[in-house]
Amino acid sequence: MAVELKVLFVGDAEPDVKLIARELRRVGFAPTWQRVETPETLRAALLREHWDLVISDTSLAGLDVMHALETTRFAAPDTPFIVVSGRLVESAGRQAIQAGASDSISKDDLGLLGPAVVRALQRTPEVGSIAQLLLATQELERRRIARALHDELGQQLMALRLMLESPHDSAAAIALVDQALAQTRDFAIELWPTVLDDLGLGAALRWLASRHTRGSLAFDVAVEGVPRMAFAVETACFRIAQEAITNIERHARASRVEIALRRTGDELELEIRDDGTGFDADAAWSRARGASIGLFAMRERAALAGGRLDILSQPGRGTTVRLRFPPRSLR
Ligand SMILES: Nc1ncnc2c1ncn2[C@@H]1O[C@H](COP(=O)(O)OP(=O)(O)O)[C@@H](O)[C@H]1O
Ligand SMILES: [Mg+2]
């Protein structure tokens, strides 16, 4: 699941914003942004609403990066500030870091932006491993949900409270309560699918499939006599299936997905197989770490729970994500 990120971009070039947004999407963020060009619009935007991040270009006439940094420190002191600079003005980036900017990235090295953003949001000095990145991503997700709880559910309850304080139309009040109930259900499911606790992994996989079934994508779920297993194993299977399905929806152009959960000998095996485009899995693994964060995160999750993840795929031949747990990790 992509992490929503609200970015205030200071600069005069829309193409740069597009490039930066693309880079953010590549590392798993879902950015929305607004671009400002003047000190006044920057200050106004910072005072008007919350931003997760300010990204400032160095090459803007009329608003230099130090001015943008000062304005941000003044109007929204806690908001991380990252400088993206052209090659000729990298010294401006260094100067900004000395003055309190979170980081400075060169436009020629945009691949460093993702880790810099995670670091800035976490205020941790180093995001070295994928495990750390995964953890950081989870924290960001929590932040997003915490904010949504506050902004959306909180707002609805506040509106209800105001309504109840004076003579009111009870149909309108009931409508608000219904809205808040639906919202609560969505938040709960997003946080944790209780079906996994209540009915176990097989039922949770069926539930997942039903949520993603649509006209052009059919699921077949086969579960063979699998008992309840260690919490870590069930959770890893579920989250990996979720991520695999997200990848299928995003990349595979598949029409059919088969999910199979079974015991083979003493091992537990979960397979998620699609009939889509396939891809060069070896190349994806050997690509610079960070380029396939989703795949690495799946593998890391499997390893943390004591299992092993393999991806069998070739262009034109569909993809199988196979997860195996040896007996000792199941208890
Ligand atoms: N089921 C799939 N079918 C086709 N291509 C896939 C599939 N899963 C992954 N890929 C390819 O592997 C790449 C890396 O996947 P991932 O690390 O999850 O990154 P992301 O989903 O953010 O692009 C994807 O960009 C895509 O090209
Ligand atoms: Mg992915």
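Cut-offs applied
- Residues numbered from 1 in each chain as written.
- Chains lettered and ligands numbered in written order.
- Predicted model: local features only at pLDDT ≥ 70, side-chain atom pairs only at ≥ 80, totals over all residues.
- Heavy atoms only, no water.
- Near = heavy atom within 4 Å.
- Polar contact = N/O pair within 3.5 Å; in protein donor to acceptor, adjacent residues only side chain to side chain.
- Areas by Shrake-Rupley, 256 points an atom, 1.4 Å probe, with all protein chains shown as cover.
- Helix = DSSP H or I, 4+ residues; strand = E, 2+ residues; numbered from the N terminus.
- Phe/Tyr/Trp six-rings, centres within 6.5 Å; stacked < 30°, edge-to-face > 60°.
- Buried < 20%, exposed > 50% of the residue type's maximum accessible area, 1.4 Å probe, protein only.
- Lys NZ or Arg CZ within 6 Å of the ring centre and 35° of its normal.
- Pairing = 2+ DSSP bridges.
- Axes fitted to C-alpha atoms, helices over the stretch in contact; angles between N-to-C directions.
- Contact = heavy atoms within 4.5 Å.
- Right-handed = clockwise from strand over helix to strand, strands pointing away.
- Parallel < 35°, antiparallel > 145°, perpendicular 65-115°, else oblique.
- Left-handed = near helix turned anticlockwise from the far one by under 90°.
- Nonpolar A, V, L, I, M, F, W, Y, C, P; charged D, E, K, R; others polar.

S.K.: I'd love a proper account of the site of ligand 1, names of residues and values included.
M.R.: Near ligand 1 lie 15 residues; those nearest to it are Asn247, His251, Asp274, Gly294 and Leu295. His251 is positioned with one of its side-chain polar atoms (N or O) 2.7 Å from an oxygen atom of ligand 1. At 3.0 Å from an oxygen atom of ligand 1 is found a main-chain nitrogen or oxygen belonging to Gly294. Protein contacts shield 82% of the accessible area of ligand 1, which totals 540 Å² for the unbound molecule. Taken together, the elements giving at least two residues each to the shell around ligand 1 come down to α10 (231-252) and α12 (293-304). Ranked by the residues each element gives to the shell around ligand 1, the list is headed by α10, at 6 residues.

S.K.: Lay out the packing of aromatic side chains with the relevant residues and their values.
M.R.: For the structure on display, the rule yields 2 aromatic pairs. With a centroid separation of 5.9 Å and an interplanar angle of 35°, the aromatic rings of Trp192 and Phe231 are classed as tilted. Residue Trp192 is located in the loop between α7 (170-191) and α8 (194-199), and its partner Phe231 is located in helix α10; the two are separated by 39 residues in the primary sequence. Here the aromatic rings of Trp207 and Phe238 are separated by 6.4 Å at their centres, their planes lie at 25°, and the arrangement is stacked. Of this pair, Trp207 sits in helix α9 (residues 201-212) while Phe238 sits in helix α10, and the two are 31 residues apart along the sequence. Under the relative-accessibility criterion, Trp207 is labelled partly exposed at 22%. On the basis of relative accessible area, Phe238 is assigned to the buried category, the value being 0%. The positively charged end of Lys6 is found above the aromatic ring belonging to Trp51, 4.7 Å away from the centroid.

S.K.: Go over the sheet that holds strand β8 (residues 267-274) with me, naming the residues and quoting the values.
M.R.: The 5 strands lie next to each other as β6-β7-β8-β10-β9, forming an open sheet whose pairing is mixed. Edge strands, defined here as strands with exactly one partner in the open sheet, are β6 (218-223) and β9 (308-313). The sheet shows a mean angle of 10° between the axes of neighbouring strands, taken without regard to direction. Set on the sheet, α10 makes contact with β6, β7 (256-264), β8, β9 and β10 (319-325); between it and β8 the angle comes to about 15°. Contacts between α12 and the sheet are confined to β9 and β10, with β9 contributing the most and set at about 145° to the helix.

S.K.: Can you break down the sheet that holds strand β5 (residues 103-106) residue by residue, with the values?
M.R.: Taken together, the 5 strands give an open sheet; going across it, the order is β2-β1-β3-β4-β5, and neighbouring strands pair in parallel fashion. Since the sheet does not close on itself, it has two edges, and those belong to β2 (29-36) and β5, each with one partner. This sheet shows a mean twist of 25° between the axes of neighbouring strands, independent of strand direction. Against the sheet, helix α1 (residues 14-26) touches β1 (3-10), β2, β3 (53-57) and β4 (81-85), its axis set at about 160° to β2.

S.K.: Describe the pairing of β2, with residues and values.
M.R.: Alignment of β1 against β2, held across 8 bridges, turns out to be parallel. Looking across to β2, one finds that Val3 is bridged to Phe29. For the handedness criterion, the β-α-β arrangement of β1, α1 and β2 is classed as right-handed.

S.K.: Tell me about the packing of helix α2 (residues 39-48) against helix α3 (residues 65-75), and please be specific about residues and values.
M.R.: Packing of α2 against α3 brings their axes to within 9 Å, and their N-to-C directions diverge by 25°. When the interaxial angle is binned, α2 and α3 end up roughly parallel. Crossing hand, α2 versus α3: right-handed. Residues Pro39, Leu42, Arg43, Leu46 and Leu47 of α2 form the contact with α3, whose participating residues are His67, Ala68, Thr71, Thr72 and Ala75. Taken together, the residues of the contact of α2 with α3 sort by class into 6 nonpolar, 3 polar and 1 charged.

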